[in-house]
Amino acid sequence: MEGEEPPLKIAIIGFGNFGKFIAKGLQRQGHVVLATSRSDYTTYCREHRIQFSRSMDAICEEKPDVWLICSSILSTENVVRSIPFHKLKPNTIFADVLSVKQFPRNLFLDVLPPEFGIVCTHPMFGPESGKDGWAGLPFVFEPVRIAHGSLQARNCQRFLSIFEHEGCRMVQMSCEEHDRHAAGSQFITHTIGRILSQLKLESTPINTKGYETLLKLTENTVSDSFDLYYGLFVYNVNAKEQIENLERAFDSVKQKLFGRLHELLIKQMVERVPLAVDGSSERRRMEDSKVSAPYFLPRAEAMMDLSSLRRAR
Ligand SMILES: NC(=O)c1ccc[n+]([C@@H]2O[C@H](COP(=O)([O-])OP(=O)(O)OC[C@H]3O[C@@H](n4cnc5c(N)ncnc54)[C@H](OP(=O)(O)O)[C@@H]3O)[C@@H](O)[C@H]2O)c1
């Protein structure tokens, strides 16, 4: 039956980094891709068999079955409001790929004519993580408003099956639940990547596996636009709480480190607790008290001895 049906006509709005990337999957599954965007992608589209026009009207004339919003989170409201809905056919489906979900769902429900279908999606991968194929990568979706038993329902099913056939792990989830999970996972990941990028980390001759992971995370995070990251922060109601959680967690780790160091120095300076240079008495003390992570400070005299040695050289 699938083979007898004509391919879906899918119009992508926002043909940037992600729009171009997702177009490849839609084409691999045999569908017709049209595109419109703020910038001019005529040459790229000509080379990739995609009909491109910066004029929204020209794309509307083609009566696409599905409109797929791939614009930045920040620009989406203006972009969607500028579509001449009256030029579209009544069974049209609107889908989006925004990395936040409650915002586009509410926007669609607010501005789209009631006869248009709505399916909100978030492919949890991008040009970097999905460059070798989409198999096993999570695809979150929520059919928000689809007329049952209609052509719209059939087209929605065919649209979702594109990702299924690409091997994605299909996860049906409400937009609220998505935003809760994404703030605690994706937003934290992006934030840590952005923080690390401030440190200007460099590869060393003795990289551990963990450090390699951090370098990769930093590289991946900063390859996404800052608009995308800012959108995750502003348009996910759970993101601010996560920033505060991160700050508290960092403070608590710092407090643990400096608290223990402070305790030890006070013991040494005020109570004059002897700390053996070879650590044997301290080690015994810790074995007795079952302290798991040993730490040894050299005695002040021993440090002086070492410095006089260095001077003598
Ligand atoms: N990158 C990823 O890994 C990934 C993964 C899943 C979902 N997404 C989602 O995909 C969407 C696109 O992401 P992206 O990575 O391509 O980068 P982005 O910076 O979030 O969005 C770039 C796109 O937004 C358009 N745009 C930006 N400002 C605009 C404005 N003022 N008016 C009209 N259009 C404007 C750009 O159009 P022009 O190119 O024509 O200037 C381009 O198509 C986002 O909603 C993002 O959340 C991204």
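Located above this text is the structure these notes cover.
These numbers come from a predicted model, not from an experiment.

Novice: Tell me about unusual backbone geometry, residues and numbers included.
Specialist: With a phi angle near 55°, Arg-49 is a residue other than glycine that sits in the positive phi range. For Arg-49, the position within the fold is in the loop between helix H2 (42-47) and strand S3 (51-52). Since its relative accessible area comes to 68%, Arg-49 is described here as exposed. At Lys-200, a position not held by glycine, the phi torsion is positive, near 50°. On the accessibility criterion, Lys-200 (64% relative accessible area) is exposed.

Novice: Pulling in residues and values, what's your account of the pattern of salt bridges?
Specialist: For the structure shown, the criterion picks out 13 salt bridges. A salt bridge links Glu-219 to Lys-216, with the shortest nitrogen-to-oxygen separation between them at 3.6 Å. In this pair, Glu-219 and Lys-216 both sit in helix H8 (residues 209-223), 3 residues apart, roughly one turn of the helix. Each of Glu-5, Arg-154 and Arg-158 takes part in one network of salt bridges that share partners.

Novice: Give a description of the sheet that holds S3 that names residues and reports values.
Specialist: Read from one edge to the other, the open sheet built from 8 strands follows the order S3-S2-S1-S4-S5-S6-S7-S8, with strand pairing classed as mixed. The sheet terminates laterally at S3 and strand S8 (169-172), the two strands that pair on one side only. Note: strand S6 (residues 117-123) against strand S7 (residues 138-145), 6 bridges, orientation antiparallel. By the bridge assignment, Val-119 is partnered in S7 with Pro-143. The strands touched by helix H6 (residues 151-165) within the sheet are strand S1 (9-13), strand S4 (66-69), strand S5 (93-96), S6, S7 and S8, with S6 carrying the most contacts at an inclination of about 10°.

Novice: Please set out the pairing of strand S2 (residues 32-36) residue by residue, giving values where relevant.
Specialist: Burial of S2 is extensive: 4 of the 5 residues sit out of reach of the surface. The sheet contact formed by S1 and S2 spans 5 bridges and is parallel. Counterpart to Ile-10 in the pairing with S2 is Val-33. A crossover connection joins S1 to the parallel S2 through helix H1 (residues 17-28); in handedness this β-α-β unit is right-handed. Bridge count for S2 against S3 is 2 bridges, and the pairing is parallel. Bridging from a neighbouring strand, Ala-35 pairs with Phe-52 of S3. Handedness of the crossover joining S2 and S3 through H2: right-handed.

Analysis parameters
- Residues numbered from 1 in each chain as written.
- Predicted model: local features only at pLDDT ≥ 70, side-chain atom pairs only at ≥ 80, totals over all residues.
- Heavy atoms only, no water.
- Helix = DSSP H or I, 4+ residues; strand = E, 2+ residues; numbered from the N terminus.
- Buried < 20%, exposed > 50% of the residue type's maximum accessible area, 1.4 Å probe, protein only.
- Salt bridge = Lys/Arg side-chain N within 4 Å of Asp/Glu carboxyl O.
- Pairing = 2+ DSSP bridges.
- Contact = heavy atoms within 4.5 Å.
- Axes fitted to C-alpha atoms, helices over the stretch in contact; angles between N-to-C directions.
- Right-handed = clockwise from strand over helix to strand, strands pointing away.

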